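Spelled out from the first residue to the last, the chains are:
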Amino acid sequence: MTPAEASDRDISCLTKVPFTSHAEAKRHWKQLRKQPGRRHLEIYECRWCPAEHIGNPPGHQTYRRSGSPYTPGRDTAA
């Protein structure tokens, strides 16, 4: 695994709560979206583990993790 892949895994999986079903994730997602600053949250199927997670899409993070390739508020889509 390259350092970039390890960083992606950390951002995408290891620091997130794993949900065993989409329905379970959606229940939590509905509650989280009511909180300030969490309107952009999405449910996604993890490519690293057999679970679903809730997180910000690229470019909508509210903070920057060490080693993150994204800058808050920056749209990274080409």
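On a predicted model such as this, the values are computed, not experimentally measured, just so you know. (Residues numbered from 1 in each chain as written. Predicted model: local features only at pLDDT ≥ 70, side-chain atom pairs only at ≥ 80, totals over all residues. Heavy atoms only, no water.)

1. Observations regarding the pairing of strand 1 (residues 42-45)
Here comes step 1: Of the strand pairs in this sheet, strand 1 and strand 2 (residues 52-55) are connected by 4 bridges, and their pairing is antiparallel. In the sheet register, isoleucine 43 faces strand 2, and the bridge partner there is isoleucine 54.
Here comes step 2: Hairpin connection between strand 1 and strand 2: a loop of 6 residues separates the two successive antiparallel strands. (Pairing = 2+ DSSP bridges. Helix = DSSP H or I, 4+ residues; strand = E, 2+ residues; numbered from the N terminus.)

2. Overview of the confidence of the model for the chain
Here comes step 1: Confidence in the prediction for the chain averages 76 pLDDT; 68% of positions are at 70 or higher.
Here comes step 2: Ranking the elements of the chain by mean pLDDT puts helix 1 (residues 3-14) last, at 71, and helix 2 (residues 22-32) first, at 94. (pLDDT = per-residue confidence, 0-100.)

3. Overview of the side chain of histidine 53
Here comes step 1: Relative to the helices and strands, histidine 53 is located in strand 2.
Here comes step 2: The exposure class assigned to histidine 53 is buried, which follows from its relative accessible area of 1%.
Here comes step 3: Among the polar contacts listed, one links the side chain of histidine 53 to the backbone oxygen of valine 17, at a separation of 3.0 Å.
Here comes step 4: If near-sequence neighbours (up to four positions away) are discounted, histidine 53 is found in contact with Ser12, Cys13, Lys16, Val17, Pro18, Phe19, Glu42, Ile43, Tyr44 and Cys46. (Buried < 20%, exposed > 50% of the residue type's maximum accessible area, 1.4 Å probe, protein only. Polar contact = N/O pair within 3.5 Å; in protein donor to acceptor, adjacent residues only side chain to side chain. Contact = heavy atoms within 4.5 Å.)

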